[in-house]
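Structural characterization, general
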Amino acid sequence: MQTLRTAAEAAQAARRLARPLALVPTMGALHPGHLALVASARRDGAAVMATIFVNPLQFGPTDDFARYPRAFADDERQLAAAGVDLLFAPGVEEMYPAGFDSSIDPGAIATRYEGAIRPGHFRGVATVCMKLFGIAGADRAYFGAKDAQQVAVLQQVLRDFAIGPEIVVVPTVREDDGLARSSRNVYLTPAERAAAPGLYHALQGMADAVERGESNRDRIVAAGRARIHTPLREAYLDVVDPVTFELVPDIATAGSAAIAIGSGWLGSTRLIDNVPLNVAAAVAHDGIHESVAG
Ligand code: AMP
């Protein structure tokens, strides 16, 4: 694996890689979730390029940029062992040199949920990803389903500008107790770590309600909320359209897809997660009601 630090060198090296080229952008502090992206990229790409860049633009003033975990030597070893061909790991001055002055504003989708809690976050994500996409010139880029709103925002931008790469979404990798893997899980104290699967349990409660035929958003959210207990504190739980991230009041009338999204605080650490909802179950149940009613 070749490791490069400058955009010019990385762009030149990427152009020489076999096609289709698969890109895996990360902020490092790698865990099995990241490695699942690399594994998917290897399966359908002829070559794989990974990036490690802790992007200051996507962190707000009260966010954890300074203390975000960094483990470059270990990350580099893991990516090489996983079969990555090219690693681009720029410094902040390389990505945002003097005179860098543009940004991508993804619009309304970036103002909801994560965007409401972290103003400017998705502008930072979209801006860095557009630059990484430009440098890599990849055919496909791999992102985790765990960050569902990030995926939706990037899809929106790529759709709006009619540009590639194609986004491939990789299912969330979890610990045995259900907690979604995250670089931020290292912040949790033992007591917080013990309570952390509660967020996934709440989302599963929402998915279970849908399996039982519930289609109303308020009642689905209530089923999740019933599973949130101290020390876990809800930041949000909701039922949304995975493309627009608009609230879905009733999934039986929503059309094709809906997901349960959630976020919870444990001390000063905030977790996010989501699960798909079986819209067909709610629609089928709705149909039963209608036929009973005649
Ligand atoms: P990050 O380094 O946290 O910015 O994440 C880099 C990529 O890895 C993003 O596309 C994330 O969605 C993805 N990712 C993070 N955690 C997981 C996970 N538990 N399962 C699958 N993908 C993940």
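In what follows, the accompanying structure is described. (Residues numbered from 1 in each chain as written. Predicted model: local features only at pLDDT ≥ 70, side-chain atom pairs only at ≥ 80, totals over all residues. Heavy atoms only, no water.)

Take the nonpolar core next. Counting 47 residues, the largest nonpolar core has Met49, Phe88, Met95, Phe133, Phe143, Ile167 and Phe245 as its most contacted members. A domain-level breakdown of this core finds at least three residues from each of domain 1 (2–170) and domain 2 (188–289). Those residues in contact with Phe88, other than ones at most four positions away along the chain, are Leu4, Arg5, Thr6, Ala7, Ala10, Met49, Ala50, Thr51, Ile52, Met95, Leu132 and Ile135. Residues Leu179, Ala196, Ile251 and Leu277 belong to the second largest nonpolar core, which totals 27 residues. (Core = buried A, V, L, I, M, F, W, Y, C linked by side-chain atoms within 4.5 Å. Buried < 20%, exposed > 50% of the residue type's maximum accessible area, 1.4 Å probe, protein only. Domains from an automatic or database assignment. Contact = heavy atoms within 4.5 Å.)

Going through the model one piece at a time under the given rule, you end up with 7 aromatic pairs. Here the aromatic residues Phe53, Tyr96 and Phe100 are joined through ring pairs into a cluster of three or more. When the ring centre of Phe59 is taken as origin, the NZ or CZ atom of Arg118, which lies over that ring, is 5.9 Å away. The ring centre of Trp265 lies 5.9 Å from the NZ or CZ of Arg270, which sits over that ring. (Phe/Tyr/Trp six-rings, centres within 6.5 Å; stacked < 30°, edge-to-face > 60°. Lys NZ or Arg CZ within 6 Å of the ring centre and 35° of its normal.)

Right, let's get into helix α10 (residues 217–225). All of the buried residues along α10 are Arg217, Ile220, Val221 and Gly224. Down the axis of α10, the buried side of the element spans an arc of 95°, and every buried residue falls inside it. Contacts from the buried residues of α10 go to α9 (198–211) and β7 (233–240). (Helix = DSSP H or I, 4+ residues; strand = E, 2+ residues; numbered from the N terminus. Arc of directions from axis to C-beta.)

Before going further, it helps to spend a moment on the side chain of Thr269. Mapped onto the elements of the fold, Thr269 is located in strand β9 (residues 269–276). Discounting chain neighbours no more than four positions away, the residues touching Thr269 are Arg184, Tyr187, Leu188 and Gly264.

Strand order across the open sheet formed by 6 strands is β1-β4-β3-β2-β5-β6, with parallel pairing between neighbours. Looking at the sheet topology across the chains shown, the edges are occupied by β1 (2–4) and β6 (166–170). Across this sheet, the average inter-strand angle for adjacent strands is 25°, counted without regard to direction. Sitting on the sheet, helix α3 (residues 72–81) touches β1, β3 (47–52) and β4 (86–88), and the angle it makes with β3 is about 170°. Strand contacts of helix α6 (residues 121–136): β2 (21–26), β3, β4, β5 (140–144) and β6, with the helix running at about 150° to β2, the strand carrying the most contacts. (Pairing = 2+ DSSP bridges. Axes fitted to C-alpha atoms, helices over the stretch in contact; angles between N-to-C directions.)

Of all 8 residues making up β9, 7 are buried, and the element is well covered by its neighbours. Taken together, the 8 bridges between strand β8 (residues 259–266) and β9 define a ladder with antiparallel strand orientation. Bridge pairing in β9 links Gly264 to Leu271. Taking the residues between adjacent antiparallel strands as the criterion, β8 and β9 are bridged by 2 residues, where Gly267 takes a positive phi near 60°.

What follows deals with unusual backbone geometry. Cis geometry marks the peptide bond from Gly164 to Pro165; its omega dihedral reads 5°. With respect to the element layout, Pro165 can be found in the loop between α7 (148–161) and β6. We note that Ala162 has phi near 55°; this positive angle belongs to a residue other than glycine. Here Ala162 lies in the loop between α7 and β6. Look at Ala162 and you get exposed, because its relative accessible area is 71%. Phi is positive for Phe245, which is not a glycine, with a value near 60°. Summarising the element assignment, Phe245 is placed in the loop between β7 and β8.

Turning next to the sheet that holds β9. Ordered by their spatial adjacency, 3 strands build an open sheet running β7-β8-β9, and the pairing between neighbours is antiparallel. One side of each edge strand has no neighbouring strand; the edge strands of this open sheet are β7 and β9. Neighbour to neighbour, the strand axes of the sheet diverge by 10° on average, direction disregarded. Strand contacts of α9: β7, β8 and β9, with the helix running at about 25° to β9, the strand carrying the most contacts.

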